[in-house]
Number of protein chains: 2
Amino acid sequence: MISVTILGTGNLAQHLIRVFKDHPEINLIQVYGRNKTSLKTLPAGLSTTCDINQLSDRSHLYLTAISDDAITTFTANFPLKNKLLVHTSGAQPLNAIKNTARKGVFYPVQTFSKDAAVDFSTVPICVEASNPKDEKMLLTLAKSLSNAAYTIDSLKRKQLHLAAVFANNFTNYCYTLACEICEENDIPFDILLPLIQETAQKTTQTTPLEAQTGPARRNDKKTIAAHLTLLDNQKKEIYERLTRAIQQTYGKKL
Amino acid sequence: MISVTILGTGNLAQHLIRVFKDHPEINLIQVYGRNKTSLKTLPAGLSTTCDINQLSDRSHLYLTAISDDAITTFTANFPLKNKLLVHTSGAQPLNAIKNTARKGVFYPVQTFSKDAAVDFSTVPICVEASNPKDEKMLLTLAKSLSNAAYTIDSLKRKQLHLAAVFANNFTNYCYTLACEICEENDIPFDILLPLIQETAQKTTQTTPLEAQTGPARRNDKKTIAAHLTLLDNQKKEIYERLTRAIQQTYGKKL
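Just so it is clear, the model here is predicted, and its values are computed rather than measured.

Caption draft 1: Representation of the nonpolar core. The biggest cluster of nonpolar side chains holds 80 residues, and the ones touching the most others in it are A:Phe166, A:Leu192, B:Phe166 and B:Leu192. Among all residues touching B:Phe166, those that are not within four sequence positions of it are A:Cys174, A:Leu177, A:Ala178, A:Ile181, A:Leu231, A:Lys235, A:Ile238, A:Tyr239 and B:Thr171.

Caption draft 2: Expanded view of the interface of chain A and chain B. Between chain A and chain B, the contact holds 81 residues from the first and 81 residues from the second. Counting each side, the surface lost to burial between chain A and chain B is near 8,000 Å², with a carbon and sulfur contribution of 67%. Taken together, chain A and chain B are joined by four salt bridges. A salt bridge links B:Glu237 to A:Arg244; its shortest N-O distance comes to 4.0 Å. Connecting chain A to chain B are 30 residue pairs in polar contact (both at pLDDT 80 or more).

Caption draft 3: Region of interest: helix 5 (residues 154–184) of chain A. Residues and elements named next belong to chain A. With 31 residues, helix 5 should reach 45 Å at 1.5 Å per residue; the first-to-last C-alpha distance of 43 Å fits that figure. Its axis deflected by about 30° at Val165, helix 5 carries its strongest bend there. Judged by how many residues are buried, helix 5 sits mostly within the fold: 25 of 31 residues are covered. Between the side-chain oxygen of the N-cap and the backbone nitrogen of Leu155 there are 3.2 Å, and the N-cap of helix 5 in question is Asp153. Positive phi shows up at Asp186, right after helix 5, with a value of about 60°.

Caption draft 4: Broad picture of the sheet that holds strand 5 (residues 84–87) of chain B. All names here are of chain B. As summarised here, the arrangement of the eight strands in space is 3-2-1-4-5-6-7-8, forming an open sheet in which the pairing is mixed. Sheet topology places strand 3 (48–49) and strand 8 (149–151) at the edges, where each strand pairs with a single neighbour. As paired strands, strand 1 (residues 2–7) and strand 2 (residues 26–32) are joined by six bridges and run parallel to one another. Residue pairing in the sheet places Val4 in a bridge with Leu28 of strand 2.

Caption draft 5: Here's a closer look at the side chain of A:Thr9. Residues and elements named next belong to chain A. By the element assignment, Thr9 lies in the loop between strand 1 (2–7) and helix 1 (11–21). Judged by its relative accessible area of 16%, Thr9 falls in the buried class. Discounting chain neighbours no more than four positions away, the residues touching Thr9 are Gln14, Val31, Tyr32, Gly33, Ser38, Leu39 and Leu42.

Caption draft 6: Local environment of the pattern of salt bridges. All names here are of chain A. Evaluation of the coordinates by the stated rule reveals 18 salt bridges over all chains. Asp22 serves as the salt-bridge partner of Lys21, at 3.4 Å between the closest nitrogen and oxygen. Take Lys21: its relative accessible area is 35%, and that puts it in the partly exposed class. Through salt bridges with shared partners, a single network forms among Glu180, Glu184, Asp232 and Lys235.

Caption draft 7: Spatial organisation of the sheet that holds strand 2 (residues 26–32) of chain A. Residues and elements named next belong to chain A. In space, the eight strands of this open sheet follow the order 3-2-1-4-5-6-7-8, with mixed pairing throughout. Strands at the two margins of the open sheet, each flanked by one partner only, are strand 3 (48–49) and strand 8 (149–151). Lying on the sheet, helix 4 (residues 132–145) is in contact with strand 1, strand 2, strand 4 (61–64), strand 5 (84–87), strand 6 (103–108), strand 7 (125–129) and strand 8; it crosses strand 7 at an angle near 165°.

Caption draft 8: The relation of the copies chain A and chain B, seen in detail. It takes a turn of 180° to lay chain A on chain B, together with a shift of 0.0 Å along the axis; the resulting RMSD is 0.1 Å. Read as a symmetry element, the transformation amounts to a two-fold axis. Taking the C-alpha atom as reference, chain A places A:Thr171 closest to the rotation axis, 2.3 Å from it.

Conventions used here
Each chain has its residues counted from 1, following the order in which its sequence is written. Each chain takes a letter, starting from A, and each ligand takes a number, starting from 1, following the order in which they are written. Since the coordinates come from a predicted model, pLDDT governs what is reported: local features require at least 70, and pairs of side-chain atoms require 80 or more to be given and counted, while whole-chain, interface and lining totals use all residues. Working from all heavy atoms in the structure, the side-chain values ignore hydrogens and water. In these notes, a set of buried Ala, Val, Leu, Ile, Met, Phe, Trp, Tyr and Cys residues joined through side-chain atoms within 4.5 Å is what counts as a nonpolar core. Residue exposure (1.4 Å probe, protein chains only): buried if accessible area is under 20% of the type maximum, exposed if over 50%, otherwise partly exposed. Working rule for contacts: check all heavy atoms of both residues, and any pair within 4.5 Å makes them a contact. Buried area: the accessible area, evaluated with a 1.4 Å probe, that two parts lose upon being put together, summed over both parts. Criterion for a salt bridge: a side-chain nitrogen of Lys or Arg within 4 Å of a carboxyl oxygen of Asp or Glu. For this analysis, a polar contact is any N or O atom pair within 3.5 Å, provided that within protein one partner can donate a hydrogen and the other can accept it, and provided that sequence-adjacent residues contribute only side-chain to side-chain pairs. Each helix is a run of H or I in the DSSP string that is no shorter than four residues. Each strand is a run of E no shorter than two, and both are numbered from the N terminus. Here the expected length of a helix is defined as 1.5 Å per residue gap, with one fewer gap than residues. Throughout, the bend at a residue refers to the angle made by two axes, fitted to the seven residues ending there and to the seven starting there. At least two DSSP bridges between two strands are needed for those strands to be called paired. Where helices are involved, their axes are fitted lines through C-alpha atoms of the stretch in contact, as for all axes, and angles between N-to-C directions lie from 0 to 180°. All copies are superposed by least squares; the fitting set is the C-alpha atoms of residues with a pLDDT of at least 70 in both.

What follows is the structure, encoded as structure tokens:
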């Protein structure tokens, strides 16, 4: 049984609380929120506090689920000594944690919506710690939630987080541009939703390098030229930049 | 009962043949392929020909599932007169069809893999025709396959196809860039697959404009600067271009 205290009450914190509180191998000791209002949104029956000096010292680990910017200041002022203090950020190194020799990272590689429940068994979790014993405990915790637990150091995690920006943030922005084109032309964006799901689904069956289709991949200059006449400046620049990159990728490989 | 002849034996043709041949409301009269080899990959029990002059004239419509470039030449040489001749392209206008007054479009908005069976009931199909009676028949055909049938003219379809380039081709290329970053750093790309599925899934629940997250959306300059130091020139240019666009989008709206 691993005892855990959660520090934070935001989106990720709430998802972790939901999965920890009923888990047979996890004992959720306490939840800390910075003020009473933040604690109001939590499920009933938890031990909570908004006084950092009232934290129980009985947890095996203290898991911060707070914004990246807050990690260093928050941990620098953490009152308990010699505790395993863990952050949940993809972008921050292990050493963003201050004031303890026992640092850890527990990074779930997923985007969490406010309301929709998450099936953690499918969420990859990447862990790291400053000593092997703590790392083992974090890996055990990760494995008790997920079928995909990994030990990944800070340098690799930084690269993984960067890859996630392309795979999540930039693809989502491409959806936004597609949605704008639909709206400007009075076309229901719904028409594109099955295509979007299928494109994502294909990554589970083949590499995206192999799955690439479209005018840029075929080097279909006529269609590309026709598309460029339809776009405003911003979309045109993005279309041109991505098309050129795809042409180069497959020009090299053909 | 609608009688259909399919002209072509490629990827889309094979998917259409599979769904037409057992459909209670569709009579698949014949399949034309340009040579005997192309016909060999088709299911058994079909009436097929590789002689364009042997086409049955009994079909209500003749559906070309051939490459965009081939539509004009192929239809210009089509031997039957006064038939409804239909193409399946998103990018080509109705008038790409020659040599008949009865032109039509039947455009399934999906990316088709060679082997995986397709559930056509979820594939949006956009139809258009040069006269209302033919358009009604195409819409009936579309509705007999799919729960999402639309009448969309050539100008709108061109815009839709452009939007699909962003929603499918460019997102897939973002997956490729993410995959490259993973491979260069010895990180399993599998770690990103659930994130990719969830990002796509979110479009069915909220607009991509609302769903956007990440350093560009938060205008988190520190993380953006750190990411830029990790990228080669091509990825760096794409990262900068998309980041600037996201910042502008949300700068305007915040």
